[in-house]
Amino acid sequence: MLGPVILAASRSDRMRRLISAAPVTRQVVDRFIPGETVDDIVPVIKDLTAEGLELTMDVVGEDITTPEQATAARDAYLRLVERLKELELGPRVEMSVKLSMFGQSLPGGHELALANVRPVVEAAAAIGTTVTLDAEDHTTLDSMFAIHEELRKDFPQTGCVIQAYLFRTEADARRLAASGSRVRLVKGAYKEPAEVAYQQKHEIDKAYVRILKTLMEGEGYPMVGSHDPRLISIAQDLAHKAGRKLDEYEFQMLYGIRGDEHLRLAAEGHRMRVYTAYGTDWYGYFMRRLAEKPANLRFFVRSMISKG
Ligand SMILES: Cc1cc2nc3c(=O)[nH]c(=O)nc-3n(C[C@H](O)[C@H](O)[C@H](O)COP(=O)(O)OP(=O)(O)OC[C@H]3O[C@@H](n4cnc5c(N)ncnc54)[C@H](O)[C@@H]3O)c2cc1C
């Protein structure tokens, strides 16, 4: 019940100001977003990769309002690539981008986002790694898939994300699986209306399994984005049945969530990639993490009351 309320708050400027200014917020945010600058994040990258984990890096920020902010987002990713080049980690550290941050929702946004993301994809390829396009709310997805297809002409390793809660996703998965794409499957983190998305957890979970089966049996590279123990075990079975070796799919989880499980899967020989977000504009990302688990919100509110 709380999830949709928190997701609605994630769109409110008033709530953004209140929560960002609360003295205890930073401590709670740190659990999910372990740094604000590229300098903060380099030691985190070193530590996690030393533990046998792979990473996908996200510079937080969305809902931008000017083309200059979109250019700044592009430049933030290019600075990250420069640092990754020095670390020589190749495909062990890739990047995730939200096209909204590259200007997708501004006038002429589709072309603007493509123009801003292309240099990042090129720079990633030059250091032997790649980029995955995150999935945002359903109104943005036709543009995201078109940009993905366009980028794949020159950079076939470019990945994208599909969300099990949307009715459209089974068809998207069939198309992407046939074209040999890298595809991350997640449950979906936005507030979507009943006309386009399943609302009940059991329906979303069932859809996740159907879509995962399509991806595992297809030609592409499935990236299983979930912390759900049941789905992780089903993914292992489906991969086995589809004759995939351990390096022919991977698991992905978010930084700060089920860290022991990251290490357990990596120790079993799985490719385990940790989605690691950093930056100053963390509000939207943080609120989605609160919405996913009411206990996070209770913890946050308790800290505000006890310190306030
Ligand atoms: C690598 C990765 C990338 C993602 N990219 C996108 C994207 O591009 N677009 C998009 O819409 N969504 C994205 N998501 C978010 C996703 O849609 C879900 O909202 C999120 O993963 C929670 O779903 P779950 O599969 O973990 O299952 P759930 O049933 O929500 O959770 C299973 C268990 O995981 C733990 N858990 C899950 N979330 C939290 C949390 N926030 N805090 C603490 N514990 C938690 C709990 O123990 C919970 O019982 C991404 C998720 C991952 C892992």
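Just above, that's the structure.
Residues numbered from 1 in each chain as written. Predicted model: local features only at pLDDT ≥ 70, side-chain atom pairs only at ≥ 80, totals over all residues. Heavy atoms only, no water.

Student: Describe empty space enclosed by the protein, and please don't skip the residues or the numbers.
Tutor: One pass over the structure, following the stated rule, counts one cavity of 30 Å³ or more. Space inside the largest cavity adds up to approximately 40 Å³. Forming the boundary of the largest cavity are Asp58, Val59, Val60, Gly61, Glu62, Tyr77, Lys98, Met101, Tyr285 and Arg288. Of all the secondary-structure elements, those providing two or more residues to the lining of the largest cavity are strand 1 (54-59) and helix 12 (283-292). (1 Å grid on protein atoms, 1.4 Å probe; cavity = no way out; pocket = protein on both sides within 12 Å on 5 of 7 lines; lining within 4 Å. Points joined across faces, edges and corners; volume = space filled by probe spheres on them. Helix = DSSP H or I, 4+ residues; strand = E, 2+ residues; numbered from the N terminus.)

Student: Any chance you could break down the pairing of strand 5 (residues 182-186) for me, citing the residues and the numbers?
Tutor: The buried fraction of strand 5 is high, at five of five residues. With burial as the criterion, each face of strand 5 is covered, one bearing Arg182, Arg184 and Val186 and the other bearing Val183 and Leu185. When strand 4 (residues 159-163) meets strand 5, the two strands line up parallel, connected through five bridges. Its bridge partner being in strand 5, Gly159 is matched across the sheet by Arg182. The parallel pair strand 4 and strand 5 is bridged by helix 8 (residues 169-178), and the resulting crossover is right-handed. Strand direction decides the pairing type here: strand 5 and strand 6 (residues 221-225), joined by four bridges, are parallel. When the bridges of strand 6 are listed, Val183 appears paired with Pro222. In this region the chain leaves strand 5, passes through helix 9 (residues 201-217) and returns to the parallel neighbour strand 6; the handedness of that crossover is right-handed. (Buried < 20%, exposed > 50% of the residue type's maximum accessible area, 1.4 Å probe, protein only. Pairing = 2+ DSSP bridges. Right-handed = clockwise from strand over helix to strand, strands pointing away.)

Student: Hey, could you go over the layout of surface pockets for me, with residue numbers and the actual values?
Tutor: Taken as a whole, the largest pocket holds about 1,500 Å³ of empty space. For the lining of the largest pocket, the elements supplying multiple residues, two or more each, are helix 1 (2-9), strand 4, strand 5, helix 9, strand 7 (250-254), helix 12 and helix 13 (294-307). The element that contributes the greatest number of residues to the lining of the largest pocket is helix 12, accounting for five residues. Considered class by class, the residues forming the lining of the largest pocket number 21 nonpolar, 10 polar and 15 charged. Per-class residue counts for the lining of the second largest pocket are nine nonpolar, six polar and six charged. (Nonpolar A, V, L, I, M, F, W, Y, C, P; charged D, E, K, R; others polar.)

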